[in-house]
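Structural characterization, general
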Amino acid sequence: MAHEHHCVVIIGAGLSGIGMACHLARDCPEYGFSILERGDNIGGTWDLFRYPGIRSDSDMFSFGYQFRPWNALKVLADGPSIRQYISETAEEYGISQHIQFGCDVIAADWSSTEQRWRLTVQAKAGGPSRTITCDFLISCTGYYNHRSGYLPDFAGIEQFNGQCIHPQHWPDNLDYAGKSVVVIGSGATAVTLVPAMAESTAHITLLQRSPAYIFSVPGRDQLSALLQRFLPESWVYKMARKRNIAVQRWMFKAAKRWPNKVRSLLLKGVRKQLPDGFDMSHFSPRYNPWDERLCAVPDGDLFKAISSGKASIVTDQIETFTEHGIRLTSGKQLNADIIITATGLQVQVLGGLALSIDGKPCVVNQQLTYKGVMMEGVPNMGWIFGYTNASWTLKADIAARYFCRLLKHMAEQQHKTAVAHDAEGCAVEESIMGALQSGYVQRANEVLPRQGSKLPWRLLNDYARDARMLLDEPIADPYLQFGPASSVRSSVTAEAQVN
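Okay, so let's go over this structure. In this text, all values refer to a predicted model and were calculated from it rather than measured experimentally. (Residues numbered from 1 in each chain as written. Predicted model: local features only at pLDDT ≥ 70, side-chain atom pairs only at ≥ 80, totals over all residues. Heavy atoms only, no water.)

**Things to note about the overall build of the protein chain**
Of regular secondary structure, the protein chain possesses 13 helices and 25 strands. The C-alpha atoms of the protein chain give 24 Å as radius of gyration, which agrees with the globular expectation for 499 residues (23 Å, within 12%). When the backbone C-alpha atoms are referred to their principal axes, the protein chain occupies close to 70 × 60 × 45 Å. Looking at the 499 residues of the protein chain, the share that counts as buried comes to 55%. (Helix = DSSP H or I, 4+ residues; strand = E, 2+ residues; numbered from the N terminus. Rg over C-alpha atoms; globule rule 2.2 N^0.38 Å. Buried < 20%, exposed > 50% of the residue type's maximum accessible area, 1.4 Å probe, protein only.)

Here is the structure:
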């Protein structure tokens, strides 16, 4: 069998991976690349999740790729539409032919001698493994485990006689018509499921341990619809994208600067959409806005479902599952035919692959992140990690463009390797997602890379500043070292050094 080698290997054919490949095809056509995808389809997250009502939680003008405008007027698009958008983008830019499906990258080892990555790739479902090499590796795997979601250790769960389902593993053709359903959770998945299922169920209950901030957004961009009557579509797209990015950033900054005022504004918006006298404690979080992500609901669909009586909300803690449902610590019993555990994500980095340098395991959570796109001490490797306080794709787009700039610089200067190095000891305990207090973020601290005390090791989470840093600042700087990997000091932390 011929040895398989590529200039660039991208892991993952989701939103980030396809975007990265499109930028390579557009800006670096001389670089051969391959996309290794564990699943059978394009789409990543948007292929994996199939639960009712699945949709984006960011507006589509900023969630879509900058180089391929999303011109539909629906603000929060549904999952199938996003999956189709990603697939059509791959076809338009000739990316589909570069994807290898059913390829699980289980290990990646950098060889300083060969100055390339050696990837151990296993066929789906435990099939045979093979080796693929590449000069540059880019991980576009997101930050959670696609194989299993997070499920707390619920007491008595084995006693429940009905169906218990995690949204990450939604069964085909689930019949919930006329049945009593309980959804456990308070995040984006939970607030999406309840209104989507409410019309068909006998009754659906949102059971939350503590409230989250939920706000309503228009289901359709009426301003852009009006402007399209008079202006070219491309102009309308650019204006809507610029406007929405600015609004997202303003809302985040306002929440951090005036948390009490923003809290009051958000709760006032909820109160307007619920019946008089409704118990607002169910929508009044104990934390400040943007200490955790906010949940957007189109046209207030969750509030409409609750107001109609088809759905209800309960704030309490689970004492135990029972044969017929859930008993709460308050003593209340919630009977259910189906219980949906929308309890969050199981955080995982690099798709779970074993990362090593010259055979020595690299402990990812001991490494700093350089400009949010590379890990300190790891040669010729990038990763796409989008925003958690804005549309994921905003960061993914500019990160992909940065890698194209880096590859061009290396070619022009005839560099074989690039590796970031912190000579000043800037590491702090905070992970790259440490600014958020969500449960999945706190669990992620054990596996995610560290932040630093200053740039370029500290994440900005600011699109305008990140764009300047990644797209305008010179590639060469005091922190990024070029040359043969053997001549560059590697600061990789090996397991042998930790234990």
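**Section: helix α1 (residues 15–27)**
Compared with the 18 Å implied by 1.5 Å per residue over 13 residues, the 18 Å span of α1 between its first and last C-alpha is a close match. With 10 of 13 residues buried, α1 lies mostly within the body of the structure. Those residues of α1 not exposed but buried are Leu15, Ser16, Gly17, Ile18, Gly19, Met20, Ala21, Cys22, His23 and Leu24. (Expected span 1.5 Å × (residues − 1).)

**Some thoughts on the packing of aromatic side chains**
Summed over the entire model, instances satisfying the criterion amount to 20 aromatic pairs. On the basis of an interplanar angle of 65° and a centroid distance of 5.6 Å, the ring pair of phenylalanine 283 and phenylalanine 303 is categorised as edge-to-face. With phenylalanine 283 in the loop between α8 (259–272) and β11 (295–298) and phenylalanine 303 in helix α9 (residues 301–307), the pair connects residues that are 20 residues apart, well separated along the chain. Relative accessible area serves as the criterion here: at 1%, phenylalanine 283 is assigned to the buried category. Summarising the aromatic geometry, the rings of tryptophan 457 and tyrosine 479 are spaced 5.9 Å apart at their centres and angled 85° between planes, so their arrangement reads as edge-to-face. With a gap of 22 residues between them, tryptophan 457 in the loop between β24 (450–452) and α12 (463–472) and tyrosine 479 in the loop between α12 and β25 (480–482) connect regions that are remote in the sequence. Overall, the relative accessible area of 0% leaves tryptophan 457 in the buried class. For tyrosine 479, a relative accessible area of 22% corresponds to the partly exposed category. Connected via pairs of aromatic rings, a cluster forms that spans Tyr65, Phe67, Trp70, Tyr85 and Tyr93. (Phe/Tyr/Trp six-rings, centres within 6.5 Å; stacked < 30°, edge-to-face > 60°.)

**Observations regarding the sheet that holds strand β13 (residues 318–322)**
Spatially, β13-β14-β15 is the arrangement adopted by the three strands of the open sheet, whose pairing is antiparallel. A strand with exactly one partner marks an edge of an open sheet, and here the two such strands are β13 and β15 (333–335). The mean inter-strand angle of the sheet, taken between neighbouring strand axes irrespective of direction, is 20°. By the bridge criterion, three bridges tie strand β14 (residues 325–328) to β15 in an arrangement that is antiparallel. Note that in β15 the partner of glycine 325 across the bridge is asparagine 335. (Pairing = 2+ DSSP bridges. Axes fitted to C-alpha atoms, helices over the stretch in contact; angles between N-to-C directions.)

**Considerations on the pattern of salt bridges**
All chains considered together, the criterion is met by 17 salt bridges. In this structure, arginine 50 engages aspartate 47 in a salt bridge whose closest nitrogen and oxygen atoms are separated by 2.6 Å. Judged by its relative accessible area of 44%, arginine 50 is partly exposed. Aspartate 477 serves as the salt-bridge partner of lysine 371, at 3.7 Å between the closest nitrogen and oxygen. On the criterion of sequence distance, the pair formed by lysine 371 in the loop between β19 (369–370) and β20 (374–375) and aspartate 477 in the loop between α12 and β25 is long-range, its members being 106 residues apart. Connected via shared salt-bridge partners are Arg68, Glu88 and Glu92. (Salt bridge = Lys/Arg side-chain N within 4 Å of Asp/Glu carboxyl O.)

**Looking at the sheet that holds strand β7 (residues 163–165)**
The strand order across the open sheet formed by five strands is β7-β16-β8-β9-β12, and the pairing between neighbours is parallel. The strands lining the two open edges of the sheet, one partner per strand, are β7 and β12 (311–315). Neighbour-to-neighbour, the strand axes of the sheet open up by a mean angle of 20°, direction not taken into account. In this sheet, strand β9 (residues 203–208) lies alongside strand β8 (residues 180–184) in parallel orientation, the contact comprising five bridges. Across the sheet, serine 180 pairs through a bridge with histidine 203, a residue of β9.

**As for the pairing of β14**
The pairing of β13 with β14 spans four bridges and is antiparallel. When the sheet's bridge partners are listed, isoleucine 318 is paired in β14 with leucine 328. The antiparallel hairpin formed by β13 and β14 contains two residues in its connecting segment.

**Here's the deal with the environment of glutamate 430**
With respect to the helices and strands, the residue glutamate 430 is situated in strand β23 (residues 427–431). Looking at glutamate 430, the relative accessible area reads 26%, which means it is partly exposed. Taking the C-alpha atoms as reference, glutamate 430 lies 19 Å from glycine 142; in sequence the two are 288 residues apart.

**Quick word on the packing of helix α7 (residues 233–257) against α8**
The N-to-C vectors of α7 and α8 enclose an angle of 120°; their axes lie 5 Å apart at closest approach. The orientation of α7 with respect to α8, classified from their angle, is oblique. Residues Met251, Ala254, Ala255, Lys256 and Arg257 of α7 lie in contact with α8, whose contacting residues are Pro259, Val262 and Leu266. Here the residues of the contact of α7 with α8 are counted per class, giving six nonpolar, no polar and two charged. (Parallel < 35°, antiparallel > 145°, perpendicular 65-115°, else oblique. Contact = heavy atoms within 4.5 Å. Nonpolar A, V, L, I, M, F, W, Y, C, P; charged D, E, K, R; others polar.)

**Section: the side chain of aspartate 59**
By the secondary structure assignment, aspartate 59 is in the loop between α2 (45–48) and α3 (60–63). Here aspartate 59 is buried and forms no salt bridge, its nearest opposite-charge partner arginine 243 lying at an N-O distance of 6.4 Å. In this structure the side chain of aspartate 59 is engaged in a polar contact, spanning 2.7 Å, whose partner is the side chain of serine 62. Polar contacts involving the side chain of aspartate 59 include one to the side chain of asparagine 244, which spans 2.7 Å. Beyond its immediate stretch of four places on either side in the chain, aspartate 59 contacts Val75, Leu76, Asn244, Gln248 and Ser391. (Lys, Arg positive; Asp, Glu negative; His and termini not counted. Polar contact = N/O pair within 3.5 Å; in protein donor to acceptor, adjacent residues only side chain to side chain.)

**Observations regarding the nonpolar core**
When a protein is soluble and globular, its nonpolar side chains tend to lie buried together. If you look at the biggest cluster of nonpolar residues, it comprises 126 residues, and the most contacted ones within it are Ile18, Trp117 and Leu406. In this view, leucine 406 contacts Phe136, Met374, Ala418, Ile475, Leu480 and Phe482; residues no more than four positions away in its chain are not counted. (Core = buried A, V, L, I, M, F, W, Y, C linked by side-chain atoms within 4.5 Å.)

**Digging into a nonpolar patch on the surface**
Side chains of Leu223, Leu226 and Phe230 sit close together on the surface and give an oily, nonpolar patch of about 320 Å² of accessible area. Of note, leucine 226 is situated in helix α6 (residues 222–227). For leucine 226, a relative accessible area of 40% gives the class partly exposed. (Patch = residues over 30% accessible without salt bridge, like charges linked within 9 Å, V, L, I, M, F, W, Y side chains within 5 Å. Areas by Shrake-Rupley, 256 points an atom, 1.4 Å probe, with all protein chains shown as cover.)

**Examining unusual backbone geometry**
Omega for the bond connecting leucine 455 with proline 456 falls within 30 degrees of zero, at 5°, which places this linkage in the cis form. Tracing the backbone shows proline 456 in the loop between β24 and α12. At aspartate 299, a residue that is not glycine, the phi angle is positive and equals roughly 50°. Relative to the elements of secondary structure, aspartate 299 occurs in the loop between β11 and α9. A relative accessible area of 43% means that aspartate 299 is categorised as partly exposed. Its identity is not glycine, yet leucine 350 carries a phi of approximately 55°, on the positive side. You can see leucine 350 is positioned in the loop between β16 (338–341) and β17 (354–357).

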